[in-house]
Amino acid sequence: MCKQTNSYNIVWMQILIIEDETKIAEFLAKGLNESGYLASVAHDGLTALTLLQEKNFDLVVLDVMLPEIDGWQVLKTLRTFSKIPVLMLTAKDHVLDRVKGLELGADDYLIKPFSYIELLARVKSLLRRSVKPESEYYQVEDLVLYRFERTVYRNQQKIDLSSKEFSLLHLLIQHQGELLTRSQIASEVWNINFETDTNVVDVAIRRLRAKIDDHFQPKLIHTVRGMGYRLSINK
């Protein structure tokens, strides 16, 4: 995931707060930033979904009562392209509301008014659960990527990739089955802000496909029209 580092090379976890009440959003952002996280804020559901498609966050704090589209719909849409942990933060304290959130894919639920200490503890717990040690190798069908050796094989044939092509494939295979937008790919692989007239991602995908997909079955790199790319067995 894309992170910022300080002079000691510490990697900060990024959290998106989706909350329309300005004072609560500012309070949470300030507290999380002071606790060592990088907190961003979205005040409505549409803005939040745009940010979530453009940038890799490590956790979402999501209110239910939002303008434009509510938190339920944000969560439902988010789960179509990401498994990021979600902490629901809401004044709705009925048991059916909590069940609904969990059934839609929320990972935890906190009722307003809340203690910041409790919220911070839940955030830390969710982040600990979501962080997994990276594998030494990845395999999808007959495609195998060895992370440390930086080698790739398809159908037991070694595939020669450039450094950027390897980084691109590594990113795609790490997020197997997930949609990655062009801006996410550009940020992760090239460390650049994506611009609409930049086709560096599309060119790199074409070159990578020519090497790992053109002469093999099944095809693994799929275009999600108007959004980005996904590496998976099925479209």
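Up top is the structure these notes are about.
Let me sum up the structure you'll find in this document. Source: prediction; values computed, not measured. (Residues numbered from 1 in each chain as written. Predicted model: local features only at pLDDT ≥ 70, side-chain atom pairs only at ≥ 80, totals over all residues. Heavy atoms only, no water.)

This paragraph deals with a nonpolar patch on the surface. A contiguous nonpolar patch, built from Val95, Leu96 and Val99 and spanning about 260 Å² of accessible area, is present on the exposed surface. Tracing the chain through its elements places Val99 in helix H4 (residues 95–104). Judged by relative accessible area, which is 35%, Val99 ranks as partly exposed. (Patch = residues over 30% accessible without salt bridge, like charges linked within 9 Å, V, L, I, M, F, W, Y side chains within 5 Å. Areas by Shrake-Rupley, 256 points an atom, 1.4 Å probe, with all protein chains shown as cover. Salt bridge = Lys/Arg side-chain N within 4 Å of Asp/Glu carboxyl O. Helix = DSSP H or I, 4+ residues; strand = E, 2+ residues; numbered from the N terminus. Buried < 20%, exposed > 50% of the residue type's maximum accessible area, 1.4 Å probe, protein only.)

Across the junction of Lys112 and Pro113, the peptide omega takes the value -5°, indicating a cis bond. Tracing the sequence through the fold places Pro113 in the loop between strand S5 (108–111) and helix H5 (116–130). Phi at Glu68 takes a positive value of approximately 70°, unusual for a residue other than glycine. Structurally, Glu68 can be placed in the loop between strand S3 (59–62) and helix H3 (71–78). Positive phi values are uncommon outside glycine, yet Gln156 reaches one of about 70°.

Let's shift gears to the nonpolar core. In terms of nonpolar packing, the biggest core is built from 26 residues, with Leu143, Leu168, Leu169, Leu172, Ile185 and Leu231 touching the most fellow members. Mapped onto this core, the elements with two or more residues apiece are strand S6 (137–140), strand S7 (143–146), helix H6 (163–174), helix H7 (182–190), helix H8 (200–212) and strand S12 (228–231). Looking at which element gives the most residues to this core, the answer is H6, with 6 residues. Those residues within four positions of Leu231 in sequence are excluded, and the remaining contacts are Val140, Leu143, Leu169, Leu172, Ile173, Gln176, Gly177, Leu220 and Ile221. Judged by nonpolar contacts, the second largest core, of 23 residues, contains Leu16, Leu49, Val74 and Phe81. (Core = buried A, V, L, I, M, F, W, Y, C linked by side-chain atoms within 4.5 Å. Contact = heavy atoms within 4.5 Å.)

Inspection of every chain in the model, using the stated rule, returns 11 salt bridges. One salt bridge connects Arg182 with Asp202, and the closest N-O pair in it is separated by 2.9 Å. Of this pair, Arg182 sits in helix H7 while Asp202 is found in helix H8, placing the two residues 20 residues apart along the sequence. You'll find Arg182 and Asp202 in the same group, each marked buried. Three or more residues joined by partner-sharing salt bridges are found here, namely Glu19, Glu21, Asp63 and Lys112.

This brings us to the packing of helix H2 (residues 45–54) against H3. Remark: H2 packs on H3, axes separated minimally by 10 Å, with the N-to-C direction vectors making an angle of 20°. As judged from the angle between their axes, H2 and H3 are roughly parallel. H3 is crossed by H2, and the crossing has right-handed handedness. Residue-level contacts link Gly45, Leu49 and Leu52 of H2 to Val74, Thr77 and Leu78 of H3. Each residue belonging to the contact of H2 with H3 can be placed in one class, and the counts come to 4 nonpolar, 2 polar and no charged. (Axes fitted to C-alpha atoms, helices over the stretch in contact; angles between N-to-C directions. Parallel < 35°, antiparallel > 145°, perpendicular 65-115°, else oblique. Left-handed = near helix turned anticlockwise from the far one by under 90°. Nonpolar A, V, L, I, M, F, W, Y, C, P; charged D, E, K, R; others polar.)

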